[in-house]
Amino acid sequence: MSREITRRDFLKAGAVGLAATSMLGSVKVFADEKEDKKAEIPFAGKKKFAGIGSCRNVTEDIVYVGVSDRRIQLFENVYPVPRGVSYNSYVLLDKKTVLFDTVDRSVTGQFFENLTAVLDGQKLDYLVVNHMEPDHSSAISEVLVRYPEAKVVCTKAASVILNQFFACDISDRSVIVGEGDTLNVGNHTLTFVMAPMVHWPEVMMTYDSVSGILFSADAFGSFGALNGNLFADEVNFEKDWLPDARRYYCNIVGKYGQQVQSVLAKAGGVDIRTLCPTHGPVWRKDLGWILNKYSLWSSYTPEDKAVMVVYGSVYGGTESAANAVAAKISQAGVADVAVYDVSKTHVSELIAEAFRCSHIVLASITYNMGIFTPMKNFLLDLEAHNLQNRCFSFVENGSWSPVSGKQMREIVDRLGGCSVVGKTVTIKSSPASGDSTALTELAEAVSASVLGNSTSQKKVEAAVSKKWVCTVCGYVYEGDKLPEDYKCPLCGAGINAFKEA
């Protein structure tokens, strides 16, 4: 059914009403009332220059169609991203066409320009959903509308979460896959690798044996917008990207080290030549370098023999003590020492530095008979991110009842595999001449430990519950004992499928 509409009718109906009707395909462009002629065919759109120019080939038949966002201020509304972030998506052009993940809703316009340009009139056969987090899945529903023949390839858990986000029943067009399942699309065969809790329970990765590409979801990603350089070897990654890659991993994935280790073990048996993450540059050279970083981070092994001094101070006394300790540690021969004001440094930066450094000195005032609030929040964040295997030292301050050192130690005691170096230094209000000796002794103990000259470290007993691993899907349950009626939330297996890690 088709009808014309005059300008007078248009004004009466209102633009919104016309737009709603035209979406149903029943209205042509309005005719001029005087000329009494039929409307032209609705504007069908055109290829946008940006959609042609911003795509890059990863291989001859695999094309990057992702988009960078430089307007974003906070990633996940938590983490500052002054350099922006990229949302990576890829298209495989074979006998069957395959789209790997989509993008955040903030950049869907550019994304669909890219996708349309690359498909160039071809239909889309498959959408592979490696990760359902909205920064990668927000365009799924529109993809399914634009490409009604496309089938969704995902895990069972992902299909559930997809319906939760979009109230979208894909049962008649879904391909549910599990560990080791394959999909042949012509010259390429895709193999699906389950990666639960890296860092959501539904996550999988996709391996293409022909190109050696691992579409790795959020693994091997980084904060930072791409600036025309798609590949890590096109930038000075260690200088310009490593801090953001570390901050991304430690804050987003850091809690799930054991699960990342499981995925790395799987990757070790596969011929991976390229890593295609959903954020940041693509890796096609020096894969061992970035894999080694992930091995260190996920095993909670310090990346550097280094000292971070973190202080919480109100009137400058604690800050003065922290600066004195840092100077004395450096003077003793430790080259890598960094000092941070816990009130001014975003906690995501502190978390990343804690994963990098082998030694952490905490200096805090006593505040309302407790730890200075920003310092306490930082320590609780360290605990939430499962930091382990670090050496801690403490400086406390209190004008009448200094107790922050004891309370900081109580939180550190709950971390796994950590040690305490030196004696806690207590100052009253501001450092006095009598405190110099204690601060010097603490600095000497820390520097000796960093340089390998100390044998007096005291191991902290880790108050960590047992871990039970599902042998079916890899999910990890933490607790002293599995409930008798417990079932894996990912695959539904009972307690007999679990073994102690």
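Above this text sits the structure in question.
Residues numbered from 1 in each chain as written. Predicted model: local features only at pLDDT ≥ 70, side-chain atom pairs only at ≥ 80, totals over all residues. Heavy atoms only, no water.

Engineer: Sorry, what's going on with the packing of helix H9 (residues 257–267) against helix H10 (residues 287–298) here?
Structural biologist: The description of two packed helices rests on the angle between their axes and on the distance between the axes. Look at H9 against H10: their axes get within 9 Å of each other, and the N-to-C directions meet at 145°. The two elements H9 and H10 meet at a crossing, and its hand is left-handed. Between H9, through Gly257, Gln258, Val260, Gln261 and Leu264, and H10, the contact on the second element is made entirely by Leu291, Tyr294, Ser295 and Ser298. Each residue belonging to the contact of H9 with H10 can be placed in one class, and the counts come to 4 nonpolar, 5 polar and no charged. (Axes fitted to C-alpha atoms, helices over the stretch in contact; angles between N-to-C directions. Helix = DSSP H or I, 4+ residues; strand = E, 2+ residues; numbered from the N terminus. Left-handed = near helix turned anticlockwise from the far one by under 90°. Contact = heavy atoms within 4.5 Å. Nonpolar A, V, L, I, M, F, W, Y, C, P; charged D, E, K, R; others polar.)

Engineer: Looking at this structure, how should I read unusual backbone geometry?
Structural biologist: Glycine aside, negative phi is the norm for most residues, and most peptide bonds take the trans geometry. With an omega dihedral of 10°, the bond running from Val198 to His199 counts as a cis peptide bond. Here His199 lies in the loop between strand S13 (189–194) and strand S14 (204–208). Not every positive phi belongs to a glycine, and Asn368 is a case in point at roughly 50°. Counting through the fold element by element, Asn368 comes out in the loop between strand S19 (357–367) and strand S20 (370–371). The phi angle at Asn389 is positive, at roughly 60°, despite the residue not being glycine. Accessibility expressed as a relative area gives 32% for Asn389, which makes it partly exposed. (Buried < 20%, exposed > 50% of the residue type's maximum accessible area, 1.4 Å probe, protein only.)

Engineer: Could you clarify how one ought to interpret the nonpolar core in this entry?
Structural biologist: Proteins that are soluble and globular tend to have nonpolar side chains buried together. Counting 122 residues, the largest nonpolar core has Val58, Phe75, Phe111, Leu362, Met375, Phe378 and Phe392 as the members making the most contacts within it. The leading source of residues in this core is helix H8 (residues 237–253), at 9 residues. Setting aside residues no more than four positions away along its own chain, Phe75 makes contact with Val81, Val85, Tyr87, Asp135, Phe223, Tyr248, Ile252 and His279. (Core = buried A, V, L, I, M, F, W, Y, C linked by side-chain atoms within 4.5 Å.)

Engineer: I would appreciate a short explanation of the environment of Ala219 in the present structure.
Structural biologist: Position of Ala219 relative to the elements: it lies in the loop between strand S15 (213–215) and H8. Setting aside residues no more than four positions away along its own chain, Ala219 makes contact with Met205, Pro277 and Tyr294.

Engineer: I keep staring at the pattern of salt bridges and nothing clicks. Help me out?
Structural biologist: Any two side chains of opposite charge can pair, given that their charged atoms come close. The final tally for this structure, using the stated rule, is 20 salt bridges. Two residues, Asp244 and Arg83, come together in a salt bridge whose shortest N-O distance is 2.9 Å. Of this pair, Asp244 sits in helix H8 while Arg83 sits in the loop between strand S5 (79–80) and strand S6 (85–87); the two residues are 161 residues apart in sequence, bridging distant segments of the chain. A relative accessible area of 13% places Asp244 in the buried class. With a shortest N-O distance of 3.0 Å, Asp240 and Lys239 are connected by a salt bridge. For Asp240, a relative accessible area of 36% gives the class partly exposed. Each of the salt bridges in this network shares a partner with another, and the network as a whole consists of Arg56, Asp233, Glu234 and Arg284. (Salt bridge = Lys/Arg side-chain N within 4 Å of Asp/Glu carboxyl O.)

Engineer: How do you make sense of helix H7 (residues 156–166) when you look at a structure like this?
Structural biologist: The α-helix advances 3.6 residues per turn, and as a result positions three or four apart in sequence lie on the same side. For H7, the set of buried residues is Ala158, Ser159, Ile161 and Leu162. Down the axis of H7, the buried side of the element spans an arc of 165°, and every buried residue falls inside it. For H7, the exposed residues lying more than 90 degrees away from the buried face are Lys156 and Gln164. Along its buried surface, H7 packs onto helix H6 (140–146), strand S10 (151–154) and strand S11 (174–176). Remark: Ala167 follows H7 within two positions and exhibits a positive phi of approximately 50°. (Arc of directions from axis to C-beta.)

Engineer: I tried to follow the packing of aromatic side chains on my own but got confused; where do I start?
Structural biologist: Given two aromatic rings, their pairing is described by the distance between the two centres and the angle made by the two planes. This structure, assessed with the given rule, holds 20 aromatic pairs. Pairing Phe165 with Phe166 gives two aromatic rings, centres 6.3 Å apart and planes at 45°, and the pair type is tilted. For Phe165, a relative accessible area of 42% gives the class partly exposed. Note on Phe166: relative accessible area 25%, which makes it partly exposed. (Phe/Tyr/Trp six-rings, centres within 6.5 Å; stacked < 30°, edge-to-face > 60°.)

Engineer: Quick question: what am I supposed to make of a nonpolar patch on the surface here?
Structural biologist: A cluster of nonpolar residues, Val314, Tyr315 and Tyr367, forms a patch on the protein surface that exposes about 380 Å² of accessible area. Residue position: Tyr367 is located in strand S19. On the accessibility criterion, Tyr367 (36% relative accessible area) is partly exposed. (Patch = residues over 30% accessible without salt bridge, like charges linked within 9 Å, V, L, I, M, F, W, Y side chains within 5 Å. Areas by Shrake-Rupley, 256 points an atom, 1.4 Å probe, with all protein chains shown as cover.)

Engineer: Would you take a moment to explain the side chain of His131 for this structure?
Structural biologist: Within the fold, His131 resides in the loop between strand S9 (126–128) and helix H5 (134–137). Engagement of the side chain of His131 in a polar contact is seen with the side chain of Glu133, the distance being 2.9 Å. Non-local contacts of His131, meaning those with residues more than four positions away in its chain, are made with Asp101, His136, Ser137, His199, Trp200, Glu202, Val203, Ala217 and Asp218. (Polar contact = N/O pair within 3.5 Å; in protein donor to acceptor, adjacent residues only side chain to side chain.)

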